[in-house]
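Notes for the structure review
Residue strings, one per chain:
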Amino acid sequence: MNANEAVSDKGTFAALSEECNAIFDTSKRMPEFVFRRAFDRYFAIEYAYVYEEQFGLLLSKLSTLFEDESIHYMLLDPKPGDDYFRMTSYFGAVSFKPASSVEERYMPVMSMKGNLPRVLVSANAGVFWGSSRKWAIHCDRISWETAVIAVPENVDVRAISSIRCLDAMTLSSYMESQYHWKLATAAEFCRRFLANYQLQ
């Protein structure tokens, strides 16, 4: 992968994996509680936003608020590590350093064109976090097409981004539209999700 942000150094990958595991319970998927600790506020969004430039802008806003030195992304599925490296020449992790570079570099790095691996195209699930560890985002494409953003109490994602956030009612409608042939499954997801995340 011809991108400086793609992590191809094994020591760097090991350090990021340790950091990732301190923030996320990587064995869990939504609607379970996927973070190692409770955050003050949770915002749910449609996964499709992760492919868009405005998501990179949101990462930039969060990193500015919390003075992050860097922003990281780690694949959860497919599993990052040596096998992924053999297929792609990087370990399945990406670092934007300095964090301010994410606004310009998010789309070129995460949605690459041509022959290069396209990080998000191959991702079924993945996570973002800032080096401050004060915010985190868990993204699940393969199951629920949903991402959950965890932030401190003084942050309102709706105020700093044009991304549409889902409340309990719109989450239910979204799930029903995604799984209209399995409405009971959609309803059960919403019930369990809302028990774990009090949406803003």
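Note: the structure precedes this text.
Because the structure is a prediction, the values reported are computed rather than measured.

What counts and what doesn't
Residues numbered from 1 in each chain as written. Predicted model: local features only at pLDDT ≥ 70, side-chain atom pairs only at ≥ 80, totals over all residues. Heavy atoms only, no water. Helix = DSSP H or I, 4+ residues; strand = E, 2+ residues; numbered from the N terminus. Polar contact = N/O pair within 3.5 Å; in protein donor to acceptor, adjacent residues only side chain to side chain. Contact = heavy atoms within 4.5 Å. Expected span 1.5 Å × (residues − 1). Buried < 20%, exposed > 50% of the residue type's maximum accessible area, 1.4 Å probe, protein only. Arc of directions from axis to C-beta. Pairing = 2+ DSSP bridges.

**Concerning unusual backbone geometry**
- Across the junction of Met30 and Pro31, the peptide omega takes the value 15 degrees, indicating a cis bond.
- Tracing the chain through its elements places Pro31 in the loop between helix 1 (10-23) and strand 1 (41-46).
- For the bond running from Asp77 to Pro78, omega is 5 degrees, close enough to zero to count as cis.
- On the secondary structure map, Pro78 appears in the loop between strand 2 (71-77) and helix 3 (82-88).

**A few points about the side chain of Glu46**
- If you trace the backbone, Glu46 turns up in strand 1.
- Polar contacts involving the side chain of Glu46 include one to the side chain of Arg164, which spans 2.7 Å.
- What Glu46 contacts, discounting residues up to four positions off in sequence, is Glu145, Arg164, Leu166 and Tyr174.

**Quick look at helix 1**
- End to end, helix 1 covers 20 Å across 14 residues, agreeing with the expected 20 Å (1.5 Å per residue, within 8%).
- Of all the positions in helix 1, only Phe13, Leu16, Ser17, Glu19, Cys20 and Ile23 are classed as buried. Taken around the axis of helix 1, the buried residues stretch over an arc of 170 degrees, which confines them to a single face.
- Where helix 1 starts, the residue carrying a side-chain oxygen 3.2 Å from the main-chain nitrogen of Gly11 turns out to be Asp9.

**Describing the pairing of strand 2**
- The buried fraction of strand 2 is high, at 6 of 7 residues.
- Direction of pairing for strand 2 relative to strand 3 (residues 93-96): antiparallel, over a ladder of 4 bridges. Within strand 3, the position partnered with Met74 by the bridge is Ala93.
- As paired elements, strand 2 and strand 4 (residues 125-130) share 6 bridges and run antiparallel to each other. Each residue of the ladder has a partner; that of Asp77, found in strand 4, is Ala125.

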